[in-house]
Each structure stands twice: as C-alpha cells, then as structure tokens.
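# Coordinate analysis (summary)
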Amino acid sequence: MNNWKHNHVLDLSTFSLEDYKTVLELTTRFKDVHKSSSRKLPSLHGRLIANLFFEPSTRTRTSFELAAKRLSADVQNFSVSSSSLSKGETPLDTILTYISMGADILVIRHESTNVPAELANYVDINNINTSILNAGDGFHSHPSQGLLDLFTLATFFNPNEPSTNSLLNKKITIVGDILHSRVARSNLWALTACGAEVTLCGPPSLLPEEFIDFVQNPPLGQNFDPINKRGSVFIKRSLKDALKNSDAVMTLRLQKERMKQNMLTDLDSYYAQYGITHESLKWCEKKVPVLHPGPVNRGVEISNRLVEDNSINLISKQVENGIPTRMALLYLLGLNKKD
Ligand code: CP
C-alpha cells in the first residue's frame, strides 16, 4: 500500500505491476465486507465522494455509490437532468461547485475523451486536494472496469488466491466493437501487464489493424508505460480461429451511440459472424467462461440463452466484483487525503 503513488486514477497505462497487485489484494479483502455484521468499514468516514455522471450508467454509478457507502463516506450523486446544466451552466462550473463543497474524490463519467485528465490537471495546477477517478471517458478509458474484469478473471483461474500471476500466459479473446470500446482499451492494459496473451477479434470497421500495437506503441498522451514485459496482442478476423485456444472470452457491446456512421451493414450477419453463442463456443477446445461488461445487446453480440446461462457467463460476477474493486480504488485515493 505504501507504494501507491497515484493521486488520480485516469488510465491503466500508468499502472505498475505493484499497483495491480495492490488493487487485487484490497479487492479480495473488501469482497466479504457485506457479510460482516455492520456491512461497513470506517475507512473513509467523513470523506465526501461525488459521483458526476454526464453520461448514462447503471452498473458503474450504483457500484461506486455502494462502494463509497460501504467505506462510510458521504456520497453526492449528480444527475444531468435535474442539474443547472439545463440553465446553461458549463460542465466545468458544475464540477467546480462540487469541489467547492469539499469533495475529496470526484468520480467522473463523460462522453468526451480526456475530460477526467484535464480536470486532474486543473486541480493539480491549482493545488486543490481533490482526486479524480475516471468512470469512463469516450473511447479512451474505463479503469475500474478493466480492474474488475482482471479480478473476475484472476478469481476464475485462481479462486483461493487471485493475483496478477493468475493471468500469466492465459489466452484471453476479446470480441466485437473494439474501436469504440474504452473497456477493451483498459482490458488491454491490465491483461497484458499481467502476462496474458490477448487476441482481438472483429470486422476491420470495428477493429483496425493498428490495435496490434496498442500497448507496445501507446497512443499520444498514453506513452508512460511502467511494465517491463507485457503479454502479446494478436488480431484474428475469424471467430473460429480466435476462440480455438482461448482460456476465456470477453464480448463487447456494439456501441452505436459512439459510431459516427453506420459501421455495419447488417446486424444479423454481424451476429452470425461474431455473436457469442453456445454453438460458437464449441470452437473452443475446452469449456471457457464468457465475460461481458454490460449493458448487453441480446442477440447482437451474445445470445439470449448465453446471457442467462450462469454456468458459462461471468456477467453477474463482474457486477458483484465491481463493488469491492471500486472500494479498493476509493480507499487508495482516500488514504492520501490530508485532514
Ligand atoms: N460496464 C459499464 O460501464 O456499465 P454502465 O454503463 O451501466 O455503468
């Protein structure tokens, strides 16, 4: 814990292996807090956490709220529809209002890439003791989702002691709309940091060839990479080839709201080529778990039957693990706050 250096959590490209270990260890510890008699820990008593979601969310917003409450923090939830944004207030002035009220941590989701990073820069320059936690910005990053997916996979492979080692040399296939997915990007950083081999699979319009270099030659602004040796990234266009040697499969929502134009001619043929179903999973050499970050488009990227088959999918585990993972992040950021 002493090695934790981050005042903000914006992007997993800046995480060291030690950071991942710290988060996984804390998540393991926090996983059972709800089973204790009080169902709470006093760790963030008196701290103020503001959830500022400028974009819709079910899982992330509610689990950050619950995580903050389990750590005994005060929580403020912001809703676009009932805010003064409708009177012309800018998002920056809205955010500054929460800072003025003494927010220790701002959990922010915004449709524009880099809003959390710009805000972190603003508070740092102005010596404001508020941490920024990115809850999803545009295509760019969704660090808490990447970490909860990492924990879910580590627990699947090593139920008694989930750790970064649990992912070493595992073959993880990510299928679907990679181009518009901040979840895919955060998973690429987290999984390769822990030595997993990641195969990306999708049509060229949703998975450009450049992704092969995503973690080796990070995009501009994400070029601080503290990991010495990462797992490899592969691209396969055929789902059959991509699934063959997989140890786990993650499928992603088609993100129509982020597409500038229609990038697929026909959803039925997309489902036929890239849909994850009981039938397509027969291409795997063994029984593998299926992850989906949610929300799910049933019958588009995953079959109805598979969404409801908890013997294969880990969707409810991902949601469940979102709470202790977010507790870990809030705890680590809250620890650095001065009284
Ligand atoms: N996975 C995820 O971010 O879901 P929400 O949009 O519901 O928060």
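Here, every reference points to the structure presented above.
Per chain, residues are indexed from 1 in the order of the written sequence. Per-residue local features of the predicted model are confined to residues with pLDDT of at least 70, and side-chain atom pairs are confined, for both listing and counting, to 80 or more; whole-chain, interface and lining totals are unaffected and use all residues. Side-chain descriptors were evaluated using all non-hydrogen atoms of the structure, hydrogens and water having been removed beforehand.

## Section: empty space enclosed by the protein
Threshold: A pocket, in this scheme, is an open set of points on a 1 Å grid over the protein atoms alone with protein on both sides within 12 Å along at least 5 of 7 lines, while a cavity is a set where a 1.4 Å probe fits but cannot get out; residues line either one if an atom lies within 4 Å of a point. Grid points are joined across faces, edges and corners, and a volume is the space filled by probe spheres set on the points. Put simply, DSSP marks the helices as runs of H or I at least four residues long and the strands as runs of E at least two long, and each gets a number from the N terminus on. When residues are sorted by character, Ala, Val, Leu, Ile, Met, Phe, Trp, Tyr, Cys and Pro go into the nonpolar class, Asp, Glu, Lys and Arg into the charged class, and all the rest, Gly among them, into the polar class.
The tally for this structure, following the rule as stated, stands at one cavity of 30 Å³ or more. In this structure, the largest cavity encloses a volume near 60 Å³. Every element with two or more residues in the lining of the largest cavity is listed here: α5 (143-157) and α10 (315-335). Per-class residue counts for the lining of the largest cavity are four nonpolar, three polar and two charged.

## Structural notes on the pattern of salt bridges
Heads up, the rule is: Take a side-chain nitrogen of Lys or Arg and a carboxyl oxygen of Asp or Glu: if they are within 4 Å of each other, that pair is a salt bridge.
With the rule as written, the count across this model stands at nine salt bridges. A salt bridge links E65 to K69, with the shortest nitrogen-to-oxygen separation between them at 2.8 Å. Here E65 and its partner K69 are both found in helix α2 (residues 59-70), four residues apart, which amounts to about one turn of the helix. Close ionic contact of E209 with R237 constitutes a salt bridge, the shortest N to O distance being 2.8 Å. Note that E209 is positioned in the loop between β6 (197-201) and β7 (233-236) and R237 in the loop between β7 and α7 (239-244), a separation of 28 residues in sequence. When salt bridges with common partners are traced through the structure, they connect R61, E65 and K69 into a single cluster.

## With respect to α10
Here is the rule we go by: Multiplying one less than the number of residues by 1.5 Å gives the expected span of a helix. The angle between axes fitted to the seven residues ending at a residue and the seven residues starting there is what we call the bend at that residue. Only protein chains enter the accessibility calculation, which uses a 1.4 Å probe; a residue is then buried when its area is under 20% of its type maximum, exposed when over 50%, and partly exposed in between.
With 21 residues, α10 extends 30 Å between its outermost C-alpha atoms, agreeing within 8% with the 30 Å of an ideal straight helix rising 1.5 Å per residue. Roughly 30° is the biggest bend found in α10, and it falls at G322, with proline P324 one to four residues downstream. The buried count for α10 comes to 16 of 21 residues, which makes it a mostly enclosed element.

## Structural notes on the sheet that holds strand β3 (residues 105-110)
So the rule is basically this: At least two bridges found by DSSP between two strands are what make those strands a pair. Note on method: axes are straight lines fitted to C-alpha atoms, helices fitted across the in-contact stretch only, with angles between N-to-C directions ranging 0 to 180 degrees. We call two residues in contact whenever any of their non-hydrogen atoms come within 4.5 Å of each other.
Spatially, the four strands line up as an open sheet ordered β2-β1-β3-β4, and their pairing is parallel. Because the sheet does not close on itself, it has two edges, and the strands there are β2 (74-79) and β4 (131-137). With strand direction ignored, the average angle separating the axes of adjacent strands in the sheet is 15°. Bridging between β3 and β4 involves five bridges; their strand directions are parallel. Note on β4: the bridge partner recorded for H110 is D137. Sitting on the sheet, α10 touches β1 (48-53), β3 and β4, and the angle it makes with β4 is about 155°.

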